[in-house]
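# Fold and geometry: a report
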Amino acid sequence: TGYANLTDTHVKVMFLSTKHNNIHTLVLKDCPLLTNATIESISRHANHVQTLSLQKCRNITSIHALQDVWDVATPLTDSTNTTAMTSLQSLFAPMHAATSPCGPPRFFRGGKLSRLDICGTSVTGHDLVESLNAVKGKVRLQELCISDDLSTDLVLWKLASAVDKESWNHVKICHANGLMTTMGKILNSKEK
């Protein structure tokens, strides 16, 4: 963490070396040169990552590429999947089939990412919600830290529909004054 000169190329090379393919925790905190290319590398080469911290990586503007590495609580099946695809699914468990808006059906790897810290990045609430909604199923979160500028009512309600309900209390909102609250506490107070 805090490597001011760490670049996307460094991260990609790290993943291409065989000894780093099974990383479970990756902390890339305070790395100002990292961009969305790092997110692409993580998605392609680190499908075992469970915890990812991108705190204060201000040049990261999108996490959409992570859609294949989220931990899915309840995978949904697409009604357009054929029986043959369903049979193929059983050969590649825990993968699940999904229809890509960009073409023919593809297989998600069924990742393990359940802890993400994007406080201090340039990721928008819209991008966060789009990344989670791109997953076929409800994402299971153990922890998601977002900045309070992402915690508008609209973003929180959209997040609530993309993650399983047990995860609501694990979405932490980091306020500028250093205090934290959970999405569950906010949503439960608004439901009353």
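Cut-offs applied
Residues numbered from 1 in each chain as written. Predicted model: local features only at pLDDT ≥ 70, side-chain atom pairs only at ≥ 80, totals over all residues. Heavy atoms only, no water. Helix = DSSP H or I, 4+ residues; strand = E, 2+ residues; numbered from the N terminus. Buried < 20%, exposed > 50% of the residue type's maximum accessible area, 1.4 Å probe, protein only. Contact = heavy atoms within 4.5 Å. Areas by Shrake-Rupley, 256 points an atom, 1.4 Å probe, with all protein chains shown as cover. Right-handed = clockwise from strand over helix to strand, strands pointing away. Pairing = 2+ DSSP bridges. Axes fitted to C-alpha atoms, helices over the stretch in contact; angles between N-to-C directions. Disulfide = S-S within 2.5 Å. Salt bridge = Lys/Arg side-chain N within 4 Å of Asp/Glu carboxyl O.

Quick look at the overall build of the protein chain now. From N to C terminus, the protein chain includes 6 helices and 10 strands. The burial tally for the protein chain puts 44% of its 192 residues in the buried class. Put simply, of all contacts in the protein chain between residues at least 6 apart along the chain, 73% involve residues at least 24 apart. About 9900 Å² of surface is accessible on the protein chain, with carbon and sulfur atoms providing 55% of the total.

The next point concerns the pairing of strand β8 (residues 143-147). By the criterion of burial, β8 is predominantly enclosed, with 4 of the 5 residues buried. In terms of handedness, the path from β8 via helix α5 (residues 153-162) over to strand β9 (residues 171-174) forms a crossover that is right-handed.

The subject of this paragraph is the sheet that holds strand β6 (residues 115-117). Across the sheet, 6 strands lie side by side as β1-β2-β6-β8-β9-β10; this open sheet has mixed pairing. In this open sheet, the two strands that pair with only one neighbour each are β1 (25-27) and β10 (180-182). For this sheet, the mean angle separating the axes of adjacent strands, direction not counted, is 15°.

Let us now look at the state of the cysteines. Scanning all chains against the criterion turns up 0 disulfides. No disulfide involves Cys-31; its nearest neighbouring cysteine sulfur is the one of Cys-57, lying 4.9 Å away. On the basis of relative accessible area, Cys-31 is assigned to the buried category, the value being 0%.

Bringing helix α2 (residues 36-45) into the picture now. All buried positions along α2 are accounted for by Thr-38, Ile-39, Ser-41, Ile-42 and Ser-43. Of the surrounding secondary structure, the elements contacted by the buried residues of α2 are α1 (8-16), β1 and β2 (51-53).

Applying the stated criterion across every chain yields a total of 3 salt bridges. Across the pair Asp-71 and Arg-140 runs a salt bridge, and its minimum N-O distance is 2.9 Å. Separated by 69 residues along the polypeptide, Asp-71 in the loop between β2 and β3 (72-75) and Arg-140 in the loop between β7 (137-139) and β8 bring together distant segments of the chain. Owing to a relative accessible area of 34%, Arg-140 belongs among the partly exposed residues under this scheme. With a closest N to O distance of 2.9 Å, Glu-143 and Lys-172 form a salt bridge. A residue pair is termed long-range when its members are at least 10 positions apart, and Glu-143 in strand β8 and Lys-172 in strand β9 qualify at 29 residues.

Turning to the pairing of β9, a few remarks are in order. As judged from the 4 bridges shared by β8 and β9, these two strands associate in the parallel manner. Bridged to Ile-146 within β9 is Ile-173. In terms of strand pairing, β9 meets β10 through 3 bridges, oriented antiparallel. From the neighbouring strand, Ile-173 faces β10, where its bridge partner is Thr-181.

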